[in-house]
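Chains, contacts and geometry: an overview
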Amino acid sequence: PPAPRARLHFHAQLAHGSATGRVEGFASARQLYAQIAQVFGISPAQIMFCTLNTHKVDMDKLLGAQIGLEDFIFAHVKGQRKEVEVLKNDDVLGLTITDNGTGCAFIKRIKEGSLMDQIKTVCVGDHIESINGVNVSDCRHYKVAKMLKDLEKDQIFKLELIEPMKAFEMLEPRSQGGALPEAKISRGRETLRLRTKGPATVEEMPSEAEEKAIKKVDELLETYMGIRDIELAATMVEAGRDKKNPDEFAMALDESLGDFAFPDEFVFDVWGAIGDAKQGRL
């Protein structure tokens, strides 16, 4: 029989500065956050998101669906609270929202030249705690994005935000978020795949075609829903892997991801992206 796989462990630090800790034995993103919190003696709710191989608020290095087996984890924790009032004089705010899978939605990108780009106190990495006094701390990113989209035009709205804690020497300029994480430092071709539902698994890295499909679906999520979510994009690509037509694909999405209420045109475009990737057209 094959030798049993060694227990996986990863090294971690708090992004604003700490000793190095070791996390292991987790089977989901939620358990990973709980492990990190236990190691550093903080509440799991204090962790906003994690980056791989950098302490900076770098959305290109965001911990998403996969961790390379040799990646170093930096946990960003809640820092200063701030409030901002904004006059919504444009239909589009210019924010892209994502979340950490454990109830913390945060800003992944601010579109250059957009309404929110003009509000310099709002930054990439900020957790959206409330909208017009309604607490959204435990809401998934798609619900937060919809609430922002549904705000009335030509009305003032208030956001309560929490920025990531930073050490004084680590203060970074306001930055634009990216798309697909480049967290692929791994031993061989294996990565640890984290899932919102179900246990983590060690898998081969996605094929080049699947990588392109996942990236395209993530871009479509931003276009249609104002969110970015690599794990969700990867799950959708997996759902379409063995489907023969868009109707079968739509049924599979309804069964596993019905809470998202994806628009029909979005589902059709995702099906097209998966097909384009399979045929090498992306």
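- Looking up the protein in an unreviewed UniProt entry gives the name GIPC1 protein, with the organism given as Nothoprocta pentlandii.
- Comment text from UniProt for the protein, heading Sequence similarities (unreviewed entry), reads "Belongs to the GIPC family."

1. Observations regarding the overall build of the protein
- In terms of regular secondary structure, the protein is built from six helices and 12 strands.
- Counting across all 282 residues of the protein, residues that qualify as buried make up 49%.
- The contacts in the protein between residues at least 6 apart in sequence include a share of 64% that link residues at least 24 apart.

2. Focus on the nonpolar core
- In terms of nonpolar packing, the biggest core is built from 80 residues, with I73, I128, L148 and F262 touching the most fellow members.
- A domain-level breakdown of this core finds at least three residues from each of domain 1 (78–164) and domain 2 (206–279).
- Beyond its immediate stretch of four places on either side in the chain, F262 contacts L221, M225, L232, M236, L253, L257 and V267.

3. Thoughts on the packing of helix α4 (residues 230–239) against helix α5 (residues 246–257)
- It is at 9 Å that the axes of α4 and α5 come closest, and there the two elements cross at 135 degrees. Here α4 is positioned oblique relative to α5, judged by the angle of their axes. Along this stretch, α4 crosses α5, giving a crossing that reads as right-handed. In contact with L232, T235, M236 and A239 of α4, α5 contributes F249, A252, L253 and L257.
- Partitioned by chemical class, the residues of the contact of α4 with α5 number seven nonpolar, one polar and no charged.

4. Quick word on helix α6 (residues 264–278)
- Counted at 1.5 Å a residue, the expected span for α6 with its 15 residues is 21 Å, and the 21 Å between its end C-alpha atoms agrees.
- All of the buried residues along α6 are F266, V267, V270, W271, A273, I274 and A277. Axial view of α6: buried residues confined to an arc of 160 degrees, hence all on one face. α6 presents D264 and F268 as exposed residues on the side facing more than 90 degrees away from its buried surface.
- Those residues of α6 hidden inside the fold are in contact with α3 (208–225), α4 and α5.
- Phi turns positive one or two residues past the end of α6, at G280, with a value near 75 degrees.

5. Here we look at the pattern of salt bridges
- Counted by the stated rule, this structure contains 16 salt bridges.
- Across the pair R22 and E24 runs a salt bridge whose closest N-O atoms are separated by 3.6 Å.
- Residue classification places R22 among the partly exposed positions, given a relative accessible area of 45%.
- For K120, the salt bridge identified is with D117, shortest N-O distance 3.9 Å.
- The exposure class assigned to D117 is buried, which follows from its relative accessible area of 12%.
- Within the structure, one salt-bridge network assembled from shared partners comprises R109, D218, E222 and R228.

6. A short note on the packing of aromatic side chains
- A complete count under the given rule lists eight aromatic pairs for this structure.
- When the centroid spacing of 5.0 Å and the interplanar angle of 35 degrees are considered together, the rings of F72 and F74 count as tilted.
- Between Y142 and F260, the ring centres sit 4.2 Å apart and the planes meet at 40 degrees, which makes this aromatic pair tilted. Remark: F260 occurs in the loop between α5 and α6 and Y142 occurs in helix α2 (residues 141–149); sequence separation between them is 118 residues. Judged on exposure class, the residue Y142 and its partner F260 are both buried.
- In textbook terms, an aromatic cluster arises when at least three aromatic residues are bridged by ring pairs, as seen for Y142, Y224, F260, F262 and F266.

7. Focus: the pairing of strand β3 (residues 47–52)
- Taken across its six residues, β3 has six buried, putting it largely inside the fold.
- Of the pairings in the sheet, the one linking β3 to strand β5 (residues 73–87) comprises five bridges and is antiparallel in character. Counted as the bridge partner of C50 is A75 from β5.

Rules and cut-offs
- Residues numbered from 1 in each chain as written.
- Predicted model: local features only at pLDDT ≥ 70, side-chain atom pairs only at ≥ 80, totals over all residues.
- Heavy atoms only, no water.
- UniProt positions renumbered as here; feature names shortened; annotations may be inferred.
- Helix = DSSP H or I, 4+ residues; strand = E, 2+ residues; numbered from the N terminus.
- Buried < 20%, exposed > 50% of the residue type's maximum accessible area, 1.4 Å probe, protein only.
- Contact = heavy atoms within 4.5 Å.
- Core = buried A, V, L, I, M, F, W, Y, C linked by side-chain atoms within 4.5 Å.
- Domains from an automatic or database assignment.
- Axes fitted to C-alpha atoms, helices over the stretch in contact; angles between N-to-C directions.
- Parallel < 35°, antiparallel > 145°, perpendicular 65-115°, else oblique.
- Left-handed = near helix turned anticlockwise from the far one by under 90°.
- Nonpolar A, V, L, I, M, F, W, Y, C, P; charged D, E, K, R; others polar.
- Expected span 1.5 Å × (residues − 1).
- Arc of directions from axis to C-beta.
- Salt bridge = Lys/Arg side-chain N within 4 Å of Asp/Glu carboxyl O.
- Phe/Tyr/Trp six-rings, centres within 6.5 Å; stacked < 30°, edge-to-face > 60°.
- Pairing = 2+ DSSP bridges.

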